[in-house]
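# Examining the three-dimensional arrangement
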Amino acid sequence: MSVHVESKRMTTALIRQKKLTGDKITMLTSYDFTLARLVDQAGIDMFLVGDSASNVVCGNGTTLPITVDEMIFLTKGVVRAAQHTLVVIDMPFGSYQVSAEDAVRNAIKMLKESGADAVKLEGGEEILPAIQLMIAAGIPVCGHLGLTPQSVNQFGGYGLRAKEQAEAEKLLHDAQLLDQAGCFAIVLEKIPAALAEKVTKAVNCPTIGIGAGNKTDGQVLVLHDMLGLNQGFQPKFLRHFAELGEQVKTAVTSYVTAVHESSFPNENECY
Ligand code: KIV
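Once a new chain begins, its residue numbering starts again from 1 and follows that chain's sequence as written. Reporting of local features is limited, given that this is a predicted model, to residues whose pLDDT is at least 70; pairs of side-chain atoms are given and counted only at 80 or more, and all residues count toward the totals for whole chains, interfaces and linings. Here the side-chain values reflect all heavy atoms present in the structure, with hydrogen atoms and water set aside.

### A short note on the packing of helix α8 (residues 165-181) against helix α9 (residues 193-202)
Angles here are taken between N-to-C directions and fall from 0 to 180 degrees, while the axes themselves are lines fitted to C-alpha atoms, restricted in helices to the stretch in contact. What counts as a helix is a DSSP run of H or I of at least four residues, what counts as a strand is a run of E of at least two, and both are numbered from the N terminus. For the pair α8 and α9, interaxial distance at closest approach is 10 Å and the crossing angle is 25 degrees. In this view, α8 runs roughly parallel relative to α9, as classed from their interaxial angle. Crossing of α8 over α9 shows right-handed handedness. Within the contact between the two elements, α8 uses Ala168, Leu171, Leu172, Ala175 and Gln176 and α9 uses Leu195, Lys198, Val199 and Ala202. Amino acid classes used here: Ala, Val, Leu, Ile, Met, Phe, Trp, Tyr, Cys and Pro are nonpolar; Asp, Glu, Lys and Arg are charged; the rest, including Gly, are polar. For the contact of α8 with α9, the class distribution of residues is seven nonpolar, one polar and one charged. Note on angle classes: values under 35 degrees are labelled roughly parallel, values over 145 roughly antiparallel, values of 65 to 115 roughly perpendicular, and the remainder oblique. We call a crossing left-handed when the near helix sits turned anticlockwise from the far one by less than a right angle, and right-handed when that turn is clockwise. The contact criterion used is simple: two residues touch if any of their non-hydrogen atoms lie within 4.5 Å.

The structure is reproduced here in structure tokens:
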């Protein structure tokens, strides 16, 4: 006897459909249960448990150090919070570059152990065999082109990508390959808006932009950046939709003062 549980979560099929209906797709990073629950309740299409957790959660200078097991640990909390939202887990550096077989093995482990719905990995033609094998194995894959932070040591920084014609042409070609391979979406990071628009028109799957203008099919931001928690990080593409960093500091200062003054806890806050 088989048990079929109807899912209330967003699906990759619905994400693809949004491109046809022209509904913009919304995605934010998420790394923990508590914030993910709030974001899920606010209403969003997709969570990305990004390898940016390496910077945001662990304080590393790059995304390179985070491991498969650390990504799985963080993703489990997000999955528990996701009532409606599709959960995409980033494959970290080293988990898909060695061989296509190794990549699929890691993708299967990451989905099995985290409960995520899909994986994301960075790159184009170079990793096409891995992507093809994953999709053949039934794993939904989100591509990622443009500024791919796992290649920071090759790029020499986090600047705008694909300004020159040759790189722009390669990016368009890569996007078409990922689309033909069956990726359900492609993240386009920090590329000229005109190129992002061209890519968006050239592929059947939705494009999700970050620093790529407003003609992509959707947008993604790092949650801590858009909430103003990551103070001092202010690239041109980033909008602060709140200033929670200031609110956290104000709240902590008030708490410290109240403890010093013995005004916390007061008589209503005692047993
Ligand atoms: O890891 C991440 O947060 C990402 C986004 C910037 C797209 O890949």
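### Points about the sheet that holds strand β2 (residues 46-49)
At least two bridges found by DSSP between two strands is the condition for calling them paired. Taken together, eight strands build a closed barrel; the order of strands is β1-β2-β3-β4-β5-β6-β7-β8 and the barrel is parallel. The sheet shows a mean angle of 25 degrees between the axes of neighbouring strands, taken without regard to direction. Where helix α5 (residues 100-114) meets the sheet, its contacts fall on β3 (86-90) and β4 (118-120), and the angle it forms with β3 comes to roughly 135 degrees. The strands that α8 touches are β5 (141-146) and β6 (185-189); relative to β5, the one it contacts most, it runs at about 175 degrees.

### Things to note about the environment of Thr216
Inspection of the secondary structure puts Thr216 in the loop between β7 (207-210) and β8 (218-221). Remark: the alpha-carbon pair of Thr216 and Lys24, spanning 192 residues in sequence, is separated by 8.4 Å. Ignoring any residue separated from it by four or fewer positions in sequence, one finds Thr216 in contact with Lys24, Leu188, Ala196, Thr200, Thr207 and Gly209. Contacts described as polar in this section are N or O atom pairs within 3.5 Å, which, within protein, must combine one atom able to donate a hydrogen with one able to accept it, while residues neighboring in sequence count only if both atoms come from side chains. Within the structure, Thr216 has its side chain in polar contact with the backbone oxygen of Gly218 (distance 2.8 Å).

### Section: the pairing of β7
Using a 1.4 Å probe on the protein chains alone, a residue whose accessible area is under 20% of its type maximum counts as buried, one over 50% counts as exposed, and one in between counts as partly exposed. Judged by which residues are buried, β7 turns out to be covered on both faces: Thr207 and Gly209 on one side and Ile208 and Ile210 on the other are all buried. Bridge count between β6 and β7: four bridges; the pairing is parallel. Bridge pairing links Glu189 to Ile210 in β7. With its strands directed away from the observer, a crossover is right-handed exactly when the path from the first strand over the helix to the second travels clockwise. Read from β6 through α9 to β7, the crossover connection turns out right-handed. Inspection of the sheet shows β7 paired to β8 by two bridges, in the parallel sense. Note on β8: the bridge partner recorded for Gly209 is Gln219.

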